[in-house]
Amino acid sequence: MFSNLIVGAPAYLGDSLFVLVVFIILVALVGKFAFGPVSKMMQNRSDKITNDLDNAAQSREDAAQLAAQRATELKSSKSEAVEIVNTAKQNGEKQREGMVTLAQEEVQTLKQNAKKDIEQSRVDALNSARDDVAQLSIEIASKLIKKELSVTDQKSLINSYIEGLDKQNEIR
C-alpha cells in the first residue's frame, strides 16, 4: 500500500479512494476536535479584545468627563473664593468705617465735655474769685471803717464790686 506512494509509481483507484476517505475523515476529525475549539478560542480572544477596546474608550470618556467636572468645580471654587475674599473686604471696610465714625463721635463728645468742663471751671474760678474778693473787700472795709457791716450792706457792697468786675471782663 505505501509502496505506491513513491514518486513515479502508478496510482491505483482503490488506493486513491482509500487516501481520499482517510483525508476526509481526518478533515472531519480536525474540524470536530481541533477547528471548533481553536475557532471558539479565537472568537473569545476577539471578543475580549473588543471588550477591552470598548472599556478603554469608556474609561477615556469617563476620564474626560471627570476632567471636565473637576475643571468646572475648580472654576466654581475659584469664583467662590473670590466672592468670599470680596465679602471679607467689604465687611472689613464697613467695620473700619464704623470704627472711624465711632472714634470721631467719641472725639466730638470729648471736645464738648472738655468745653463744658472748661466753662464750669471758669465759672467756678470767677465765683471763687468773687467770694475771695468780697471777703477781702469786707475785711479791708472793716478795717478802714473800724466797724462791722451789716449783712445787707455787705451784699450791696459785694454786688456793686462784682458788677464792676463784670464790666471790666466785658471790656477785655
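Residues numbered from 1 in each chain as written. Predicted model: local features only at pLDDT ≥ 70, side-chain atom pairs only at ≥ 80, totals over all residues. Heavy atoms only, no water.

- As annotated in an unreviewed UniProt entry, the protein is ATP synthase subunit b from Latilactobacillus fuchuensis.
- Of the comments in the UniProt record for the protein, the one headed Sequence similarities (unreviewed entry) reads "Belongs to the ATPase B chain family." (UniProt positions renumbered as here; feature names shortened; annotations may be inferred.)

### So, the overall build of the protein
- Summing up its helical and strand segments, the protein has 2 helices and 0 strands in all.
- Out of the 172 residues in the protein, the part that is buried amounts to 3%.
- With an accessible surface of roughly 14900 Å², the protein has 62% of that area assigned to carbon and sulfur atoms. (Helix = DSSP H or I, 4+ residues; strand = E, 2+ residues; numbered from the N terminus. Buried < 20%, exposed > 50% of the residue type's maximum accessible area, 1.4 Å probe, protein only. Areas by Shrake-Rupley, 256 points an atom, 1.4 Å probe, with all protein chains shown as cover.)

### Quick word on the UniProt feature "transmembrane region" (unreviewed entry) in the protein
- The positions UniProt marks with the feature "transmembrane region" (unreviewed entry) are residues 12–35.
- Measuring from the first to the last C-alpha atom of residues 12–35 gives 32 Å, for a span that is 96% helix and 0% strand.

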